[in-house]
Amino acid sequence: MAEYLDQFFAPGIGSSTFIVVGHGQLWSCHQGATLLQRPKDYPTTKIIKRRGKKEQKQPAKPIAGEERRRQMAAKAEVRPRPLKVEAIKSFVAAAFGKALRDLKLDVLGTDDSPIPITGYYTACTHPKHSARFSVLQKSLAPSSVNSFGSRNNCPVPGTLINTNNMLGFQNLDLASLLREEGKKILHDILSGKIEECPSLLLRFLVISFADLKNWKLYYNVAFPSLDFNSKMTLLSLHSAAQVLSQEEAISLSKSMKEWCESNETTVHPFFWVDISSDSSVVVRQLKDWKDRQGGGQKLLFGFYDHGCHQNYPGWALRNYIVFLSLRWKIEKVQFLCYRERLGGIDLEKSLIGEASFAPHHGWDGSDYVPEVIGWEGETPGDGRKEMKVNSISLELMNPESQAEQQQLMHLKLMGWRHFPVDLDKLASTRCLVLGAGTLGCEVSRLLMTWGVRKVTVVDGGCVAMPDLVKQSLYVEKDCGVPRATAIVPHLEERCRAVEVEGIRMEIPVPGNPVSPSVLDDCRLLQTLVAKSNVVFLLTDTWESRWLPTLLCANENKIAITAAVGYDSYLVMRHGARPGTRSGGMDDVISQTKNLSTEDALGHQRLGCCFCNEKTSLFNSVSNETVALPGLTSIASGKAVELFARMLHHPEGIHAPGDIAGMDTEHQLGLLPHEMHGSLPKCVLSTMIGNSSNNCTACSDVVLSEYRRERLDFIMKVINQPTYLKDLTGISNSLIKSDTCLNLPASFPVNSGKLSSVKCLILGAGTLGCDVARILMDYGVRKLTVVDSGCVVVSNLARQSLYTSDDLNAPKATALLKRLKERDPSVGDQGFKDCKMEIPMPGHSVSSDGVDHVREDCEKLQKLVATHDALFLLTDTRESRWLPTLLCANENKIAITAALGYDSYLAMRHGAGPRTNSEGSNVVPAMTMSAEDVIDRKRLGCYFCNDVIAPVDSVSNRTLDQQCTVTRPGLAPIASGHAADLFARMLNHPDGIHAPADIAGTASERPFGLLPHQI
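Summary of the structure given here.

Calculation criteria
- Residues numbered from 1 in each chain as written.
- Predicted model: local features only at pLDDT ≥ 70, side-chain atom pairs only at ≥ 80, totals over all residues.
- Heavy atoms only, no water.
- Pairing = 2+ DSSP bridges.
- Helix = DSSP H or I, 4+ residues; strand = E, 2+ residues; numbered from the N terminus.
- Axes fitted to C-alpha atoms, helices over the stretch in contact; angles between N-to-C directions.
- Expected span 1.5 Å × (residues − 1).
- Buried < 20%, exposed > 50% of the residue type's maximum accessible area, 1.4 Å probe, protein only.
- Contact = heavy atoms within 4.5 Å.
- 1 Å grid on protein atoms, 1.4 Å probe; cavity = no way out; pocket = protein on both sides within 12 Å on 5 of 7 lines; lining within 4 Å.
- Points joined across faces, edges and corners; volume = space filled by probe spheres on them.
- Parallel < 35°, antiparallel > 145°, perpendicular 65-115°, else oblique.
- Left-handed = near helix turned anticlockwise from the far one by under 90°.

1. Overview of the sheet that holds strand β21 (residues 430–434)
Okay, so step 1: Reading across the sheet, the 8 strands line up as β23-β22-β21-β24-β25-β26-β27-β28 and stay open at both edges, with mixed pairing between neighbours. Each having just a single partner strand, β23 (499–504) and β28 (683–687) make up the two edges of the open sheet. Averaged over all pairs of adjacent strands, the angle between their axes in this sheet comes to 15°, without regard to strand direction.
Okay, so step 2: As paired strands, strand β26 (residues 568–573) and strand β27 (residues 674–678) are joined by 5 bridges and run antiparallel to one another. Note on β27: the bridge partner recorded for S568 is S678.

And the structure:
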């Protein structure tokens, strides 16, 4: 001991310093301080105080190394006690949450089956901090990828259960799940699988809910440990430095270093140590146990210990002892807790101890299932109540791409149950939109909603004040600005990822005077068509579509035409060009009989918009196209849906035309050639128009002449009115005017009635934005909008009025603000917003929230009573129940619009049931419900034909059901029908009592049929 005292009684140690000499250990402390790290079982220590230079050192008798080690070990023995271990704590990386979110959204969909994952276990490397069990981004990769690691990243197999909603997460049976994992560990022990893959003893379980919409991950982690109701007893526990001789310590350090540096062994967290009589140490794998010869002087069963506590081993020891007892029949286990420092074993921190365990009687019965413990953070008692749910916010993960992912989420959700949208194909498709007016604005926005990210818009006009309510993107400050310029920032505000190019250009038109720039315009249009994949023909005049149609036929490009009349519309796709294959350009076209009517695949060619309408192309420019306000929304939605179906069809531009009623195997449904719609007749007709040999735009003779003369040919068409007629052989008797763009007699709209009617819009989402805008186009100037939500990034492309400036603003407020920008004359008295939750049946209310719900009910009751018409446009079915009840009670006009994945509903509710005035005879209740106040058969409401009571339709549903995933083109179609239905109802002499009309029936009313449901 003297040499140690000499070390501490060196110059510089003051008289106030104590040297404490214990059995095998030295501590120093200052006067008045507590003794540092003194084991409670140590006998009284000898304290020597230096009192200046005159005081002599007390001699201490030296003890030989081996004898001293044995004495120290003997003195440090602990009394047998129940084995306590340090629990494992997990580290779940945000990158794992992001990877799980992507996996759920892109691959798993509604599948909530258990998923194999990999965690990473490590030995303790810090003297004061335990190591954590890591769940990382790569944890979701296949196990073959995760089989490589090191002692600091030992791959451990686990199970992930990711639920579809928060309710499912909260209702998981934690005890049952843990028991199932315990069964797997027990099976692996008894089957010998542990010996081949020791990390199975550390098997773990993660339960989670990936909240895709709010970018959060909720989770809990368990490290199952088998509990046989037989206590594990700790017999001894020491620092490895106290137990091992110097030679054994050196040999163990060397062997462990070799173990940890070997790619074959370093990933195995469990091993056994053979210490021979000559103090040499060999570290072996568990699978070598059956091949051992004889035995060394000592055996230690080692494991990487994550813990840092000197009085407790780590959690992994529990299952290791069970394995040794059940599999190898070892009841007293001498163990080594391997902890390291600076890349090698830390003998001071590593522990050597002995524990005993005898399994419960009958454990080996075929039906025996041990108890299993191991939920991280679980405290005694009811684990579900005591265990805290962990959460990770993913909002800061890749913020640059997060907005784009939010906008595309609804498209990815479509693939969960219906159709896997090819987002890469859509993003790379370059669309050319000709016309930035009423149709062009809506089509451009809907293309973004479908995931198109490359859009070029061509228009020659400027924004005018009358455009603001009709053309969905422009606001007052755009007046006088070229449309092609004004549209660009409005599209970019809704989607930062879109690449928009606006080109101001007049499309050369046959029969119109030639401008000085006509040749440059022709060349530019040629270039634009050549580099685009899809062209939308949305210009106001028929003849302005001729040159683009010719160029699309020549380049074999997909072309979509949409045109509106006053109360009807046409949407069609052009067929492939004649004779030559897609992707190549033949200079010479063989003159065969069927060349103009067959495409490169030998299919009958579908016609272009000029094939069956031998339209006079010359100078038919008229004033603006007047159309019913909802009509352009319907036509735009149909056009974009046609584009999406065509792009996903395996035959693309060569796909044959389908007719309504046909069977189809294509997941996006029928792919028609032409769609003709009429609002007064309530019909949509699908037609097939084959190509014509004498078409003025896509016939072989016209294309051949164009290829031969190029711009000279175009100039001849423009300057010579009879040139195309002579070239194609069309006689004057065949020339007829376009029926789609002619304007019939005006619809007798009562503008005074519309401007004074008070409309209440419930829901300011996708439907609410479109309906509000169309109502304003009709002349409605008194609107109240109710919604409880705020604008988020994912709303911008789908909900037509919002921009990035509205983010986090209440939807009701933002919607009315955008409407006022379109008509500044509307004052605050006409437009009102209300942020409130609509009380819903099936959604339980806590005692603290009862008064608030009552207030909302009274507020909604007052709103219904003070308005003339209601639009029920909320997302959930149950949120429409109370407004429907109130409308029936107040006998108010109610219009419902609702969306499914690929279908929609627009309907008007019938009048309220007849009520008895005071003193009248009592009418049987059944009769009273079936008739209105004028004794007519009542039309049903939204709930009349649905016998299922409204309940909570959100909590226990998957995200695609909660978000009402729908194809982007459906919302404007449903909104257009809903607004049109309201206008017809308001102008009907019987109003809310009007009987229902059926499509195909005759009507003498100038506004046409008034259906009940569409």
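2. Topic: the sheet that holds strand β30 (residues 782–786)
Okay, so step 1: What the 6 strands build is an open sheet, ordered β31-β30-β29-β32-β33-β34; its pairing is mixed. The sheet terminates laterally at β31 (831–834) and β34 (904–908), the two strands that pair on one side only. Strand-to-strand twist in this sheet, taken as the mean axis angle between neighbours without regard to direction, amounts to 15°.
Okay, so step 2: Bridge analysis of β30 against β31 gives 4 bridges, and the strand direction is parallel.

3. Description of helix α23 (residues 766–778)
Okay, so step 1: Here α23 is 13 residues long and its end C-alpha atoms lie 19 Å apart, about the 18 Å a rise of 1.5 Å per residue gives.
Okay, so step 2: Of all 13 residues in α23, 12 are buried, a share of seventy percent or more.
Okay, so step 3: For α23, the set of buried residues is T766, L767, G768, C769, D770, V771, A772, R773, I774, L775, M776 and Y778.
Okay, so step 4: One or two steps after α23, the chain reaches G779, where phi turns positive at roughly 110°.

4. Focus: helix α25 (residues 811–822)
Okay, so step 1: In this model α25 runs 17 Å from its N-terminal to its C-terminal C-alpha over 12 residues, within 8% of the 16 Å that 1.5 Å per residue would give.
Okay, so step 2: When α25 is considered as a whole, its buried residues turn out to be K811, A812, A814, L815, L816, R818, L819 and R822.
Okay, so step 3: As for α25, its buried residues are in contact with α14 (467–470), α23, β30, α24 (795–798) and β31.

5. Overview of the environment of E376
Okay, so step 1: When you line up the elements, E376 lands in the loop between β19 (371–375) and α10 (383–386).
Okay, so step 2: Expressed as a C-alpha distance, the spacing of E376 and A222, which sit 154 residues apart in the sequence, is 5.4 Å.
Okay, so step 3: With near-sequence residues (within four places) excluded, E376 lies in contact with I88, K89, S90, V221, A222, F223 and M387.

6. Considering empty space enclosed by the protein
Okay, so step 1: By the definition in use, this model includes 4 cavities of 30 Å³ or more.
Okay, so step 2: Taken together, 16 residues form the lining of the largest cavity, with T549, C552, A553, H574 and G575 sitting closest to its centre.
Okay, so step 3: Residue contributions to the lining of the largest cavity peak at 3 residues, all from helix α17 (residues 546–555).

7. Here's the deal with unusual backbone geometry
Okay, so step 1: The phi angle at S279 is positive, at roughly 70°, despite the residue not being glycine.
Okay, so step 2: Tracing the backbone shows S279 in the loop between β12 (270–275) and β13 (281–284).
Okay, so step 3: On the basis of relative accessible area, S279 is assigned to the buried category, the value being 16%.
Okay, so step 4: Despite not being glycine, R710 shows a phi value in the positive range, around 55°.
Okay, so step 5: With respect to the element layout, R710 can be found in the loop between α19 (700–709) and α20 (711–719).

8. Points about the packing of helix α18 (residues 629–648) against helix α30 (residues 970–987)
Okay, so step 1: Packing of α18 against α30 brings their axes to within 7 Å, and their N-to-C directions diverge by 155°. Regarding the angle of α18 to α30, the classification is roughly antiparallel. For the crossing formed where α18 meets α30, the hand is left-handed. Counting all contacts with α18, which are made through G630, S633, I634, G637, K638 and E641, the residues of α30 involved are L970, P972, I973, G976 and H977.

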